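# Topology and contacts: notes
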Amino acid sequence: MSIKHGLLALLERGPMYGYQLRAAFEESTGGSWPLNIGQVYTTLSRLERDELVRPLPRSEEGQRPYQITDAGRADLASWFATPVSRGDRPRDELAIKLALALTTPGVDVGAVVQTQRSATMRTLQEYTRLKARADQPADLAWRLVLDAMLFQAEAEVRWLDHCEASLVRHGPQGPSRRRARLAGQPSTEVPTEVTT
Amino acid sequence: MTIMELREVWRVHGSGETAVQALRGVTLTVEEGELVAVMGPSGSGKSTLLNLAGGLDRPTRGEVVVDGTALGGCSRQALAALRRRRVGYVFQDLNLLASLTAAENVALPLELDGAGVRRARRLALAALAEVDLDGYGPRFPDELSGGQQQRVAIARALVGPRRLVLADEPTGALDSQTGEAVLRLLRSRVDAGAAGVLVTHEARHAAWADRVVFLRDGAVVDTSGPLDQPDALLAPPGRAR
């Protein structure tokens, strides 16, 4: 997701100036993505350079509204038509942390899993609390954004449950042994402490 | 005010080498207005905990206190009376009686406890209204949707003066929207002055609770409570983490 397409989508509603765009952007993301006004103007000037928006004459109050161009509409339509690729998202730090915990001697993997589960559960509780508050039909866009965050947190807890069940079945040292074998080391012993 | 308390509760099934320690020294308090979720894999002791909390089972060691009454000193008759008067259950299988109407199902625990028919009926209709089933009293369970049946079960669990509701996977067979409505309802009934224990393996459902207790092999390994500032979560991901 880029700020660029967010602003284009908002301008499709009608011309707006910088502060209006910022307010509308934050409103439509339920405040989950605050923008500073500098980001809005930088993005607008890039959009103007690429001829996706055009500035309109200043208002009497001195504000300069922007309008989406036909090229901007085409760009926006193509953005909506293109699925978001999972590969474009940031790497999953948690999955990498778990993988490293498994292969690093002396790490209590079960504790890493539980610490994360407890924290993610807490997040899930708070999202649910916000959801319990937001039950006006007018809040539909916001509720769906909140649901996205809820589902992601829930998926994380489910994955952690899965990790724990796998740990119970295979033991935390499994991957280390395999790694050792793959590396051509004869021993199946896994050191319990890091020696330097 | 504490509605339910487990103090260092142990429950061992069988004896000798085949003994199974279903619960190992669990301490848990549930206050008025509080919904506590219990999560854990199968066999972690969730259902045992719920059975002990509701006086359906007795601990091997430790004490269970419900509404100020220590269950250890209770006779079987006294326990049965306590279950009728103070504790409500919502199970995955609804356990509604098919041959009774919604109102009769809800009135049943009161009538079993000796309440007059008219008083029981009045309280039952009020309990149905509280779960948004005003006017559904004369319907039979098979004339109600799954979500409505589960709401009848919640009305029955909290009819009359009962203030402790114990729920075991109460959204079992319901679709996610209906299941959420059931939890929303449970939440609002607890907020209105009851106390609840919710056993579930679904994080999404446990998230309606004030606290989430994680059970492993019969022991509490962790408890998650809510943050003080829910809105703090709405900072952008880059800044929040």
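Chains are numbered independently. Their residues run from 1 in the order of the written sequence. Working convention: letters from A go to chains and numbers from 1 go to ligands, in the order in which they are written. Local features in this predicted model are restricted to residues whose pLDDT is 70 or higher, and side-chain atom pairs enter the listing and the counts only when it is 80 or higher, whereas totals over whole chains, interfaces and linings include all residues.

All names here are of chain B. For two strands to pair, DSSP has to find at least two bridges joining them. Secondary structure is summarised from DSSP: a helix means a run of H or I of at least four residues, a strand means a run of E of at least two, and numbering begins at the N terminus for each. Here we have six strands laid out as an open sheet, ordered S6-S7-S8-S3-S9-S10, and mixed in their pairing. Only two strands of the sheet have a single neighbouring strand rather than two, namely strand S6 (87-90) and strand S10 (219-224). Within this sheet the neighbouring strands show an average axis-to-axis angle of 20°, counted without direction. Summarising the sheet, strand S3 (residues 35-39) and strand S8 (residues 195-199) pair through four bridges and their orientation is parallel. Bridge pairing in S8 links Val 36 to Val 197. Whenever a helix is involved, its axis is fitted only over the stretch in contact; in every case the axis is a line through C-alpha atoms, and angles between N-to-C directions fall within 0 to 180 degrees.

All names here are of chain A. By convention here, the domain bounds are inherited from an automatic or database domain assignment. You can read the domains of chain A as domain 1 (3-87) and domain 2 (93-181). Remark: residues whose backbone-derived C-beta atoms lie within 7 Å of one another are considered to be in contact. With four residues of domain 1 at the interface, the matching set in domain 2 holds four residues. Within the side of domain 1 that touches domain 2, the residues separate by chemical class into no nonpolar, four polar and no charged. Only Asp, Glu, Lys and Arg are considered charged, only Ala, Val, Leu, Ile, Met, Phe, Trp, Tyr, Cys and Pro nonpolar, and every remaining residue, Gly among them, polar.

At the junction of the two partners, chain A supplies 23 residues and chain B supplies 18 residues. Those elements that provide at least two residues to the side of chain A that touches chain B are helix H6 (109-133) and helix H7 (140-170) of chain A. When residues in the side of chain A that touches chain B are grouped by element, the largest group, 13 residues, is from H6(A). Of the residues belonging to the side of chain A that touches chain B, the class tally is ten nonpolar, eight polar and five charged.

Residues and elements named next belong to chain B. Positive phi values are uncommon outside glycine, yet Glu 8 reaches one of about 45°. Among the secondary structure elements, Glu 8 is positioned in strand S1 (residues 2-13). Phi is positive for Asp 132, which is not a glycine, with a value near 65°. Relative to the elements of secondary structure, Asp 132 occurs in the loop between helix H4 (117-130) and helix H5 (146-157). We call a residue exposed when 12 or fewer other C-beta atoms sit within 10 Å of its C-beta, buried when the count reaches 20 or more, and partly exposed for counts in between; the C-beta positions come from the backbone. Judged by C-beta crowding, with 12 C-beta atoms within 10 Å, Asp 132 ranks as exposed.

Quick look at the environment of B:Leu108 now. If you trace the backbone, B:Leu108 turns up in helix H3 (residues 102-112). For the pair formed by B:Leu108 and B:Arg121, sequence separation is 13 residues and the distance between their alpha carbons is 9.1 Å.

Here we come to the sheet that holds strand S2 (residues 20-31) of chain B. The pairing of strands in a sheet comes from backbone hydrogen bonds and takes either a parallel or an antiparallel form. Residue and element names in this part refer to chain B. Reading across from one edge, S2-S1-S4-S5 is the order of the four strands in this open sheet, with antiparallel pairing throughout. A single partner strand is all that each edge strand has here, and the edge strands are S2 and strand S5 (69-70). Two strands pair when backbone bridges link them, and strand S4 (residues 61-66) and S5 are joined in this way by two bridges, in the antiparallel orientation. Bridge pairing links Val 66 to Thr 69 in S5. The sheet contacts of helix H1 (residues 46-53) involve S1, S2 and S4, and relative to S1 the element is tilted by about 125°.

On to H1(B), then. In an α-helix, one full turn covers 3.6 residues, which means residues spaced three or four apart are oriented alike. Residues and elements named next belong to chain B. Among the eight residues in H1, six count as buried, and that is most of the element. Residues of H1 that are buried include every one of Lys 46, Thr 48, Leu 49, Leu 50, Leu 52 and Ala 53, and no others. Phi turns positive one or two residues past the end of H1, at Gly 55, with a value near 70°.

On to H7(A). All names here are of chain A. Any helix carries an expected span of 1.5 Å times its number of residues minus one. Its 31 residues place the ends of H7 44 Å apart at the C-alpha level, agreeing with the 45 Å of an ideal helix rising 1.5 Å per residue. For H7, the complete set of buried residues consists of Leu 146, Met 149, Leu 150, Ala 153, Glu 154, Glu 156, Val 157, Leu 160 and Cys 163. Looking one or two places after H7, you find Gly 171, whose phi comes out positive at around 80°.

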